[in-house]
Structure formats: C-alpha cells, structure tokens
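# Coordinates in review
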Amino acid sequence: MMYAKLVFKNAMRSVKDYLIYIVTMTLCVTLFYAFLSITSSYYHPNIGAEYNISLLAGGMKLAICGISLLLLFLIHYVNRFMLRKKQKEFAVEATLGMEQRTIGMLFFSETFFLLIFSVAVGILLGMIVSQVITAMLLVSFGKPYTFSWSFFPDTVLLTIGFFTFCQILIGIGNVRILNKSRIIELMTANRQNEKPLHKSRWMPMICLFYGVLLLWMLEVGIVKYHFYFDSRHPLPVKLMYWGNILFPALTLLWGITGAFRHKKIGFSRYLCGLLAGAVLTAIPTFSIAKLENTYFLGFDAPTLNQYLMFGVADILFIIAAVIYLSNAALLYWKESKVSHKYHNTNLFLFGQLSSKLATNTKTMTVICVTLTFSICLFVIAPILTGWSLGYLDSRAVYDIQISSRYNDVYDLENLPDTNYWEITDFIEENKISIKNDLTFSEYLPKRDSFHQRVKYDFPPLAISLSDYNAVREMLGYEPIILKSDEFATHWHRATEDKDIEKFIAAHTVLETDAGTLKLSENAVFQEPVGESIYNLYTDVVYIVPDQAAQALLPVQTNRFVMTQSPLPFKAAEALEQLLVRSYPEDPGKDNLPSYSTTIHTTEVNRTIALNFILKASLIYSAIVLVVMCLTVLALQQLLDAEKYHYRFSVLRKMGVEEKELHTLALKQLGVWFGLPITSAIVVAMVVLGYFLQSASVEISTYIGIGALMRQIGIIVGIFALLLSCYFLSTWLLFQRSIRSSSDSVR
C-alpha cells in the first residue's frame, strides 16, 4: 500500500514531465482503436446486400497491428527519456537505502499507471474518431453516413492487450537497466551526449556509399546514352543525357580527390563539394519523368524506376549533408558579422543551437528522412486508391461480364463458339431481373493476322456497328452512324490525345477481308465501355459496318449483362465461381482459349476492400511516423529546458526581460522544429513531383486534378494540425520548465 501511494504521488507530481508522453500515447490509442473498430465482429454497417464487410476485416486488422509495432520504438524512446530525466532522483533514493530493484519496479508502475490512463482516455476518444473511419468506409461503398454511438468489446480488449504488452516489454528492459546501473552513473547520466560532430564516422561512411552510388549512376548513364541517345533529340533531352553522365562523373572525381586531400581541404569543404554535385546530379535525374511525358523517350518501367531509386538515394544524401553542415553554416553566419553575434541574445541562441546540432545530427537526419517518407505516404495514399477506384469504373462496367481470349489459340478450330448458357441458367434459377443482355463477337480485320503474336504488336480487334451501338445503349450513350464504306475507332479512356492523333494520321484507311474502308469524319470515341473489348497490348477497337463484319474472322466472344438491381453478394460470388470453373482464366493447356470474368458486385467488393485497407494503412502509417518524429523533437527540447535552465536564470539575473526570454525560446524551438520539417517538405515536393509527372495521365484520367488537390488540402490540414499541437505543447512546457527552474535558482 505504501508503494502504491508513492507511485500515485510520483505520477501526479511528474504529470507535467509526462504530458507529451500522455498526449502521444492517447493519440496513438485513439487511432489504433478507431481504425480497428471496423474489424470488430460487432460492427455491422448498413451497406446493403451487395456488399460484404468481412472481406476487409482480416486484412485491416493485420495491417494496423503490424504498423502499430512501430509504436514499440516510440514507447521505448519516451520511457528512456523519462528514465534519463529521473536518474538523479533514482540516485538519491538509492543513496538513502532503497534497493535498485525496488526503484525499477516503482518506475515501471509509475509509467504503467500513466499508460492505463492514456489507454482509457484514448478508447473514449477512439469511439468518436471511429465515426470518421466509418464515414470514410461508407463513402467508399457509396452509402450515406449517419452518426451512431457504438462500443466494440473485442476491439477494446485488443487495444488494451496490445499497449499493455508493449509497455510490459519496455518496462522489463528499464528495470534491468536500473538494476545494472551504478549510483555514480545515475548521477552523471544527464551529462552524456552523442559523440561530437568531428568525431562521428557516420557521415564519412555515407559519403563512401554515395560514391559507390555515383559510380553506378555513371555506368547506367553511359549505357542509356549508348542505346537511347539520338542526335535528333531536342536540346532538353540532350542535356538530360549529358547531365546523367557529366554530373555523376564530376561529383565522383571530387569525391576521390577530396578523399586523398581531406586534411588539406577540410571535411566541411569536402562535403560542400559533394552536396553541390548531388544537387546538380538530381536535376537531370528528376527531369526524366517530365521529358518522358513530353517527348516519349522510350524508357521502360524498370528504367524509370531505376532513375527514381537514384533520385531518392541522391535526395537522402542531400538531407544528411544539409543537416550535418547546418551547424557549420550557423557558425559561419555568426562569425561573418560581429553585429550578428552580439545583437540582443543572439550569442546565447547560437550557443544553444550549435551545441545541440553538434551532438544530434544523426537524430535530426533520421527525423528529416522519416518525415519525408510520411509526407509522401500522406499524398500517395489518396492517389493510389483514387487511381484504382477510377480504374474500377472502366473495368467493372457491366453487372455480369465474360470474354474469351484467342491469344493462346493456334488453330482456328479451337476458337470458342459459345453463348455462355450457364449465365442464362443461373439467371433463371435465381429469378434475376435483366435489364440488358448482349452476346457478340469481335473480329480480326485481316485473317492473316491471326498468327501475329509478338508482344506489343497484336492487331486491334473490330466490332460490328450494331453490336457497338447496343453496347453504347446499355451504358446510356448515343448511337453512332457509319456509311457502308467507313470505319471509326473506340479508344481506351487513358490514351493520350497525341497518341490518338498520331494513330489516326497513319490509319486513314483500313484494309480488311471485306475490302478497304475509309476513316469516318467522326472517327474517335472514348467513353468507358469496359476493358475486355480490346486485344492484348492495344488501346483501340475498330468499328466497322455490319456487312463488312460478316466477312471477318470472329476470334473473341463477349457477353455483357445489366441487371435491374445490383446482384446480392452471395449470388454474385456463386455465379463467379460457376463461371471460373466453366471458363477458366488459365485453361492449363496450350491451344485453348482463356477467359476473363468480371462480376460487378464481387469486383467492387474486392477493390473497395483492398483500397480501403491500403488507404487506411498508409494514412495510419503516416500519422504514426509524424507523431513519432514530433514526439522525439518535443522531448529533445524539453530535455534541453532542464539541461540549460541555469543559463536562462543567468539571463534573467542579467536583466533580460521575460518577453525577450519568451522570444528566445520561440526562436530556439522554431529552428529545432523548422530545420527537419522544412527540409522534409522540400524533399517530399521533389519526390512527389517526379511521381506525379510519371503518373500524370492516369491521375488526370481516373482521379482528376480538382479531386487530387482537395485530397492534398485535407492532408496538409492534418499535418498542420499535428504540428501545431506538438509545437504549441512543447513551447508551453518549455516556457514553464525554464520559468520554474529559473525561479527556483532565483
């Protein structure tokens, strides 16, 4: 009982010190409970019979729990921070005769008590935030949201169990540390820092790895120049090719020269040269995506991904170099003019920042990289999910859709000739009301092209005018008109206008087995009509008159069905299994057709479930990483408040006003938070710019620029809110800490 009172008293007395920990853990518990609430067995949203929520429950639970293991690092870091902060107190207790094992158990009980408090508050807040997750889910399924207060016992138990396990695991380690520590180590622990900047070997090792990367970039640049360069390329493309060779070569030359003359040059100047070379090297690397979209360089996906990897590695080196050199830059700026050094309290501020940057460069670098990664996750999450959901509108256009593929058939007699009668029987047995039902064939314009099986060189298919108009009628589009000697084209919605114009200019006539057809005046249509009407590796279908189609070779059979109301999930799943058994995607034998089956209900369920899991996981990961970084930054500064409280008291005794001290603290926090965050934002903008340029066509087709900007605006708001909360909390606690400490000295 005495120890219990002592634990409670210490926890209440140190609540100010634990405030960041409590806020952080409460936020993490809130997010954990909110995201997992939709996986509860008690969760039954009203989404209709055509949807099945169980498809995402298992994957969502694994994803969130797996990502939440990152919180082990956060709990470990905060516990070690508090352990270091209270070590003098532990030393006094040990000197007075208390066993170190008992001290360790008291500290464990103290942190465990505060964790339980955070979990309780976090679960209550999680019940509210879970409504936001429910709203997101219902919007994904196209259903309206209504507020409903809910409690999920299994999610509560999982939340309590997860965070209790984490705290026990970390707490056991803390107890062992205290048991092995000597009293003198506890008394002097606060005086220990990271290795000084000039003694650290981590930056020379990074320079070595960057040199290896430069050698690889140089080799790739020479190879791409040899195989892809053409003297007819426009000047920007030529500059890109030359830059991908020249800049890595010059930077590598400086790196090798500086390595042999580093004592004369000095490591800071040597690193400045590498930094300048890295910036120059990044310019042509990140210009490739824009140039590829503008001039169609012919780079394949592996090449673009390789250059993206080079760019990311280059950016990581730039981050490490900038953080490392920030202290040298600060000292140079301070010494450049005497007025800078002695203006108001600048000398004190420079000393504070310089001492911290000199001993925490690795921490700042890791935080900057992690923040960059989290910002990219924030932005990429809605892009990837919006891309996939937008593509779903093109892929699952019909309620029931099945198509054959002739591409693995080598004998004409093995081409499919079926009307998919299993669908008819299933519809009759289950009394499904049909709105539209169309079975039709697609043709090869020339029979001779049947054996044309070169990848990316398959011939486009042709569809008869009546079948094409029937498809358009099913989807609510106006029919088209063709003369008996004309043809038109229908294009995939993601095809760019310049590619369509180029194709049309080269195909003003169409040679078929029925004769020559000329291009119609209104020859281009691009409404979404499904993916299965196109041949492999093609984006266009010819539309030919019915009389011409009768003379062509039919190679693909399609059946599209629209029902009066959406198929219930169980019925759709049963039909899909029936069709997959009867018409397999992979027949397992050569010279047999393959089939593509899409049931709108099951396809939408799977796609929405996977997309929601992906979006929720990426957003949750981004928030967890941001919270971790901001927590580390905040705790570092709060530790500084205790470490340097004597200096603030001296300033106060020297007559510095409270307002100036507040401004000084604000500047110190602004630099400490602003350096990694600003660097991360700039780097993330570069990386995301490359990504957006690479996927600009898909984004404009499936998402839309307006929708993308709204999503990015929401993300910026979330990030700004988290940053504001942590910065304000840290500033208030910092002010209180130096004020109370100074008052005690006074």
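Residues numbered from 1 in each chain as written. Predicted model: local features only at pLDDT ≥ 70, side-chain atom pairs only at ≥ 80, totals over all residues. Heavy atoms only, no water.

## Examining the overall build of the protein
- Scanning the protein from N- to C-terminus turns up 26 helices and 9 strands.
- In the protein, buried positions account for 51% of the 746 residues.
- At a minimum sequence separation of 6, the contacts of the protein that also span at least 24 residues come to 86%.
- Counting every atom, the protein has about 35600 Å² of accessible surface; 63% of that belongs to carbon and sulfur. (Helix = DSSP H or I, 4+ residues; strand = E, 2+ residues; numbered from the N terminus. Buried < 20%, exposed > 50% of the residue type's maximum accessible area, 1.4 Å probe, protein only. Contact = heavy atoms within 4.5 Å. Areas by Shrake-Rupley, 256 points an atom, 1.4 Å probe, with all protein chains shown as cover.)

## Quick notes on the pairing of strand 6 (residues 515-525)
- Bridge count between strand 4 (residues 486-491) and strand 6: 4 bridges; the pairing is parallel. Among the inter-strand pairings, H490 is bridged to a residue of strand 6, identified as F525.
- Where strand 5 (residues 509-512) lies against strand 6, 4 bridges are found, and the strand directions are antiparallel. Across the sheet, the residue bridging to L510 is L517, located in strand 6.
- In sequence, strand 5 turns back onto strand 6 through a hairpin of 2 residues. (Pairing = 2+ DSSP bridges.)

## Some words on the nonpolar core
- The biggest cluster of nonpolar side chains holds 146 residues, and the ones touching the most others in it are L56, M60, F163, M203, F317 and Y620.
- Looking at which element gives the most residues to this core, the answer is helix 22 (residues 600-643), with 23 residues.
- Non-local contacts of M60, meaning those with residues more than four positions away in its chain, are made with F35, L36, I38, T39, F612, I613 and A616. (Core = buried A, V, L, I, M, F, W, Y, C linked by side-chain atoms within 4.5 Å.)

## Regarding the pattern of salt bridges
- All chains considered together, the criterion is met by 6 salt bridges.
- The residue D437 makes a salt bridge to R559 at a minimum N-O spacing of 2.6 Å. With a gap of 122 residues between them, D437 in strand 2 (residues 434-444) and R559 in strand 8 (residues 553-563) connect regions that are remote in the sequence.
- Since its relative accessible area comes to 39%, D437 is described here as partly exposed.
- The partner of K446 in a salt bridge is D513, and the shortest N-O contact between them spans 3.9 Å. Of this pair, K446 sits in the loop between strand 2 and strand 3 (461-464) while D513 sits in the loop between strand 5 and strand 6, and the two are 67 residues apart along the sequence.
- The partly exposed category is assigned to D513, whose relative accessible area is 35%.
- Through salt bridges with shared partners, a single network forms among E576, E603 and R606. (Salt bridge = Lys/Arg side-chain N within 4 Å of Asp/Glu carboxyl O.)

## Focus: the packing of helix 2 (residues 19-36) against helix 6 (residues 100-140)
- In the contact formed by helix 2 and helix 6, the axes pass within 6 Å of each other and the chain directions differ by 45 degrees. Taken together, the axes of helix 2 and helix 6 lie oblique to each other. The chirality of how helix 2 crosses helix 6 is right-handed.
- In the contact of helix 2 with helix 6, the residues fall into 17 nonpolar, 7 polar and no charged. (Axes fitted to C-alpha atoms, helices over the stretch in contact; angles between N-to-C directions. Parallel < 35°, antiparallel > 145°, perpendicular 65-115°, else oblique. Left-handed = near helix turned anticlockwise from the far one by under 90°. Nonpolar A, V, L, I, M, F, W, Y, C, P; charged D, E, K, R; others polar.)

## Things to note about unusual backbone geometry
- Of note in this structure, Y420 is not a glycine but carries a positive phi near 55 degrees.
- Looking at where Y420 falls in the secondary structure, it is placed in the loop between strand 1 (400-405) and helix 17 (421-429).
- Positive phi outside glycine occurs at K431, with the angle close to 50 degrees.

## Quick word on a nonpolar patch on the surface
- Together, L125, I128, Y145, F147 and W149 make up a nonpolar patch on the protein surface, roughly 540 Å² of accessible area in all.
- Among the secondary structure elements, Y145 is positioned in the loop between helix 6 and helix 7 (153-180). (Patch = residues over 30% accessible without salt bridge, like charges linked within 9 Å, V, L, I, M, F, W, Y side chains within 5 Å.)

## Considering the packing of aromatic side chains
- For the structure shown, the criterion picks out 27 aromatic pairs.
- Considering the side-chain rings of F267 and Y324, the 5.6 Å spacing of their centres and the 75 degrees angle between planes classify their relative orientation as edge-to-face. With F267 in helix 12 (residues 267-295) and Y324 in helix 13 (residues 301-336), this residue pair connects regions lying 57 residues apart in the sequence.
- Each member of the aromatic cluster is reached from another via a ring pair, and the members are Y225, F229, Y241 and W242. (Phe/Tyr/Trp six-rings, centres within 6.5 Å; stacked < 30°, edge-to-face > 60°.)

## Focus: the packing of helix 6 against helix 7
- Where helix 6 contacts helix 7, the two axes come as close as 9 Å, and the packing angle between them is 160 degrees. Judged by the inter-axis angle, helix 6 sits roughly antiparallel to helix 7. Helix 7 is crossed by helix 6, and the crossing has right-handed handedness. Contacts between helix 6 and helix 7 pair Q100, R101, I103, G104, M105, F107, F108, T111, F112, L115, V119 and I123 from the former with V156, T159, I160, F163, T164, Q167, I168, G171, N174, V175, L178 and N179 from the latter.
- For the contact of helix 6 with helix 7, a count of residues per class yields 14 nonpolar, 9 polar and 1 charged.

## Considerations on a negative patch on the surface
- A cluster of like negative charges, contributed by D408, E585, D586 and D590, occupies part of the molecular surface.
- Residue position: D408 is located in the loop between strand 1 and helix 17. (Lys, Arg positive; Asp, Glu negative; His and termini not counted. Charge placed at Lys NZ, Arg CZ, Asp CG, Glu CD.)

## Some words on helix 4 (residues 71-85)
- With 15 residues, helix 4 should cover 21 Å at 1.5 Å per step; its first-to-last C-alpha distance of 21 Å lies within 8% of that length.
- Those residues of helix 4 that fall on the buried side of the exposure criterion are L71, L74, I75, V78, N79, F81, M82, L83 and K85. (Expected span 1.5 Å × (residues − 1).)

## Quick notes on the confidence of the model for the protein
- In this model, the protein carries an average pLDDT of 81, and 86% of its residues clear a pLDDT of 70 or more.
- Note that pLDDT drops below 50 for residues 194-198; the model gives that stretch 12 contacts with residues more than four away or on any other chain.
- Overall, residues 740-746 carries pLDDT values under 50, and its contacts beyond four positions in sequence, including any with other chains, amount to 12 contacts. (pLDDT = per-residue confidence, 0-100.)

## A word on helix 2
- Given a rise of 1.5 Å per residue, 18 residues ought to cover 26 Å, and the 26 Å separating the end C-alpha atoms of helix 2 matches this to within 8%.
- In terms of residue burial, helix 2 counts as a mostly covered element, since 15 of its 18 residues are buried.

## Looking at the environment of I423
- Within the element layout of this structure, I423 appears in helix 17.
- Of the residues examined, I423 reaches a relative accessible area of 0% and is grouped as buried.
- As a C-alpha pair, I423 and L579 span 156 residues in sequence and 8.0 Å in three-dimensional space.
- When neighbours within four sequence positions are excluded, I423 is seen to be in contact with I400, I402, R559, V561 and L579.

## Some details on the side chain of N407
- Structurally, N407 is set in the loop between strand 1 and helix 17.
- At 3.1 Å, the side chain of N407 and the side chain of N535 are in polar contact.
- Once residues within four sequence positions are removed from consideration, N407 is found in contact with R453, F458, N535 and L536. (Polar contact = N/O pair within 3.5 Å; in protein donor to acceptor, adjacent residues only side chain to side chain.)

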